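If you want the building blocks of each chain, they are given just below.
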Amino acid sequence: MGLSYENGIESEPLFDPNILKALDFSKSKVIFDPPISVIDPGENLKVRPLCSGDYDRGYLKLLSFLTKVGDISRKQFLDRFHAMSSCKGMHYITVIEDTVSGQIIGSATLAVEQKFIHDAGFRGRLEDVVVSDEYRGRQLGKLLVETIRLLAEHVGCYKITLDCRDRMVKFYKQLGFQLEEGNSNFMTVRFQD
Ligand SMILES: CC(C)(COP(=O)(O)OP(=O)(O)OC[C@H]1O[C@@H](n2cnc3c(N)ncnc32)[C@H](O)[C@@H]1OP(=O)(O)O)[C@@H](O)C(=O)NCCC(=O)NCCS
């Protein structure tokens, strides 16, 4: 791992790309038809860790399909990127790049929380799942979620959870996430919109 350059753009991965290559999709219960995986996500597509150069590959624009992003400068992006990459094993932002356009067209995050409970275990959270609108309906959302689920298991999380809008429950249910009886409330105090 370390700094490399692609088309003149600095490109340091947020985490070791070999971790994604090691994921065992044969263990997956999710059916992909036609079959796709991290190694082979489809023509001209590549699944990889977020890289420092992705500021210039439309990553923030992609996130704006999900929620408000704000006017993030390159420095802000790189400062946050390096703050995350220095916390080894905590932030796994996984993206899909269209290798022809060089743009980031999908992303999902595994955020790992260190605990004392569960034998000083790790809890995973699935966050910020998004696919660019023109690439939807090609199983890429499903691929990202399953990648993060396998990744959470691979790095030793004892569980992975998410919160989502009611209309998204069906999407996540078909990918193995369950509403647990008596334990399906998500509560919030918002300090900002
Ligand atoms: C949700 C999202 C990531 C799905 O991406 P996608 O690549 O189009 O999804 P897929 O092609 O992998 O769809 C997989 C399945 O989920 C279903 N699905 C897709 N979007 C759905 C939605 N919004 N609600 C319910 N089901 C959905 C598809 O119909 C498909 O079902 P099938 O396997 O029975 O055919 C994408 O629509 C998106 O980025 N939305 C905006 C951001 C967002 O809402 N993210 C989720 C935050 S919790």
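As annotated in an unreviewed UniProt entry, the chain carries the name Glucosamine 6-phosphate N-acetyltransferase and comes from Limulus polyphemus. In its Sequence similarities (unreviewed entry) section, UniProt records this for the chain: "Belongs to the acetyltransferase family. GNA1 subfamily."

A.B. asks: Describe the UniProt feature "domain: N-acetyltransferase" (unreviewed entry) in the chain, with residues and values.
C.D. replies: Sequence positions flagged by UniProt for "domain: N-acetyltransferase" (unreviewed entry) are, in local numbering, residues 45-193. Between the C-alpha atoms that bound residues 45-193 the distance is 34 Å, and the span itself is 28% helix and 27% strand.

A.B. asks: Describe the site of the ligand, with residues and values.
C.D. replies: The ligand sits among 17 residues. The nearest are Val-129, Val-131, Gly-141, Lys-142 and Gln-174. Measuring from an oxygen atom of the ligand, one finds a side-chain N or O atom of Arg-136 at 3.4 Å. Between an oxygen atom of the ligand and a side-chain N or O atom of Gln-174, the distance comes to 2.8 Å. Contact with the protein chains removes 68% of the 910 Å² of surface that the ligand exposes when unbound. More than half of the atoms of the ligand fall within 2 Å of the grid points belonging to the largest pocket. Its residues placed into classes, the shell around the ligand shows nine nonpolar, four polar and four charged.

A.B. asks: Break down the pairing of strand β4 (residues 91-98) for me, citing the residues and quoting the values.
C.D. replies: Most of β4 sits out of view: seven of its eight residues are buried. Here strand β3 (residues 45-49) runs beside β4; their pairing, made up of five bridges, is antiparallel. Paired with Arg-48 across the strands is Val-95, a residue of β4. The pairing of β4 with strand β5 (residues 103-114) spans eight bridges and is classified as antiparallel. Bridged to Ile-93 within β5 is Thr-109. The hairpin formed by β4 and β5 contains four residues between the paired strands, and Gly-102 there has a positive phi angle of roughly 75°.

Criteria and thresholds
Residues numbered from 1 in each chain as written. Predicted model: local features only at pLDDT ≥ 70, side-chain atom pairs only at ≥ 80, totals over all residues. Heavy atoms only, no water. UniProt positions renumbered as here; feature names shortened; annotations may be inferred. Helix = DSSP H or I, 4+ residues; strand = E, 2+ residues; numbered from the N terminus. Near = heavy atom within 4 Å. Polar contact = N/O pair within 3.5 Å; in protein donor to acceptor, adjacent residues only side chain to side chain. Areas by Shrake-Rupley, 256 points an atom, 1.4 Å probe, with all protein chains shown as cover. 1 Å grid on protein atoms, 1.4 Å probe; cavity = no way out; pocket = protein on both sides within 12 Å on 5 of 7 lines; lining within 4 Å. Sits in = over half its atoms within 2 Å of the grid points. Nonpolar A, V, L, I, M, F, W, Y, C, P; charged D, E, K, R; others polar. Buried < 20%, exposed > 50% of the residue type's maximum accessible area, 1.4 Å probe, protein only. Pairing = 2+ DSSP bridges.

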